[in-house]
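# Structure at a glance
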Amino acid sequence: MRSLIDIVDLSIEEIDGLIDTANDIIENPIKYREKCRYKKLATLFFEPSTRTRLSFEAAMMELGGNVLGFSAANNSSASKGESVSDTVRTVSCYADIIAMRHPKEGAPMVASMHASVPIINAGDGGHNHPTQTLTDLLTIQREKGHFDHLTVGLCGDLKFGRTVHSLIHALSRYENIHFVLISPEELKLPGYIIKDILDKKGIKYTVTTSLEDVIPTLDILYMTRVQRERFFNEADYVRLKDSYILNQEKLATAKSDLCIMHPLPRVNEISVDVDDDPRACYFKQVLYGKFIRMALILKLLEVE
C-alpha cells in the first residue's frame, strides 16, 4: 500500500507515467469508465475547498467508483475532539482510498501512519499540495510540451503558498529551470526552500518585487492569491492583498506564448479582462486537475 504525502514521494519517471495516463484518459475516456467500479473514495476535508474536493469526486465518479466523506471539520467527529488517527482508522473501514485536506501541516502524514488504505494529501496548511502540483505539471506539459529550459515566474504569496512550494520541489528536478520569485518583502519564499532546494541544487533564481520588470522574460507566470486564512493580523492582509494585479496592460510586454497559471480561487490578482486572452490557462488547469487525479487514483489503487 502506498500513499502520496509530498510531491517528492514520486520519481520523475512516476510523474511522467501519471502524465502519460492522464493524457490517455483525455484521448480515450470510455476506456477508463469502469476502472474503479465498486471502489470507494473518501474525501476528508477539514478545511474548505471547491476545486480540489470536487475534482477528486468527479475523478472517482468518472472511473466508475463511488464517493463518501465530509467537506468541513464541523461536519465530522473532529468537532467532538476525535483525533486524525482515529478518524482515518474508522474511514479505512468504509473506503478503499482517502483524499485528505487539513489545516495542520503534517496531518496527512500522521493519517498515512494509521490508515489501512492509501492516503492522498489534498493540502496540509501552508506546507504541501502534491496533487495541485501534478495538475500544474500536466498543464505545463500540455501547454509547453516540456519541463526543462523554462523561466518560471511565481508571483504573490510565496511565503504561505503551498502550491508554490510543491511546484518548486517538482520543477527543480528538471534541467535549466530559472525561477523568478515575485513578492512583497513580507511574503518572500521561505529561506529554507531557497537554501535546501534552490541553493543546494544550484538552480538559478531571481528575487524581485516588480512583476512589470520581469514579465517579458517569463515562459510561465504562476499567480497566487494572498491568503487571508494564513494571516494572524487582518491589517497585514488588507495591506498586502492587492500587491499584484495582472491585467492586459501588464501583459502588453509579455511573450505571445506565455502560459498564465493560477491554482485558484482568485480574488483580485488576475483581472477578468485576462480571462479571454489565449495565454490564460487557469481554467484549463482546473480541468486537467480532474484527469491527473484520475491517473493518481488508478496508480495508488494499483488498477491496470
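The structure this text deals with has already been given above.
Quick summary incoming for the structure in this document.

## Topic: the environment of Cys259
Locating Cys259 in the fold gives a position in strand β9 (residues 259-261). Relative accessible area serves as the criterion here: at 1%, Cys259 is assigned to the buried category. In sequence terms Cys259 and Thr139 are 120 residues apart; their C-alpha atoms lie 9.1 Å from each other. With sequence-adjacent residues up to four places away left out, Cys259 is seen in contact with Glu143, Lys144, Asp219, Ile220, Leu221, Arg279 and Cys281.

## A few points about the pattern of salt bridges
What the rule picks out here adds up to 13 salt bridges. With its nearest N and O atoms 3.1 Å apart, the salt bridge here joins Lys284 to Glu143. Within this pair, whereas Lys284 is found in helix α11 (residues 282-300), its partner Glu143 is found in helix α5 (residues 130-144), the two being separated by 141 residues in sequence. Exposure remark for Lys284: the relative accessible area of 35% places this residue in the partly exposed category. Within this structure, Arg2, Glu14 and Lys299 form a network of salt bridges that share partners.

## Section: the packing of aromatic side chains
In the structure shown here, the tally under the stated rule is three aromatic pairs. When the ring of Phe46 is compared with that of Phe70, the centres are 5.2 Å apart and the planes differ by 85°; the resulting orientation is edge-to-face. Residue Phe46 is found in the loop between β1 (40-45) and α2 (51-62), and its partner Phe70 is found in strand β2 (residues 66-70); the two are separated by 24 residues along the sequence. Pair check on accessibility: Phe46 and Phe70 agree, each one buried. Ring centres of Phe147 and Tyr174 lie 4.9 Å apart, and the angle between their planes is 45°; on these two criteria the pair is classed as tilted. With Phe147 in the loop between α5 and β5 (151-155) and Tyr174 in the loop between α6 (162-171) and β6 (178-182), this pair connects stretches of sequence that are 27 residues apart. Here the two residues Phe147 and Tyr174 agree in accessibility, since each one is buried. One cation-aromatic arrangement involves Lys35 over Tyr32; the distance from NZ or CZ to the ring centre is 5.8 Å.

The rules behind the values
- Residues numbered from 1 in each chain as written.
- Predicted model: local features only at pLDDT ≥ 70, side-chain atom pairs only at ≥ 80, totals over all residues.
- Heavy atoms only, no water.
- Helix = DSSP H or I, 4+ residues; strand = E, 2+ residues; numbered from the N terminus.
- Buried < 20%, exposed > 50% of the residue type's maximum accessible area, 1.4 Å probe, protein only.
- Contact = heavy atoms within 4.5 Å.
- Salt bridge = Lys/Arg side-chain N within 4 Å of Asp/Glu carboxyl O.
- Phe/Tyr/Trp six-rings, centres within 6.5 Å; stacked < 30°, edge-to-face > 60°.
- Lys NZ or Arg CZ within 6 Å of the ring centre and 35° of its normal.

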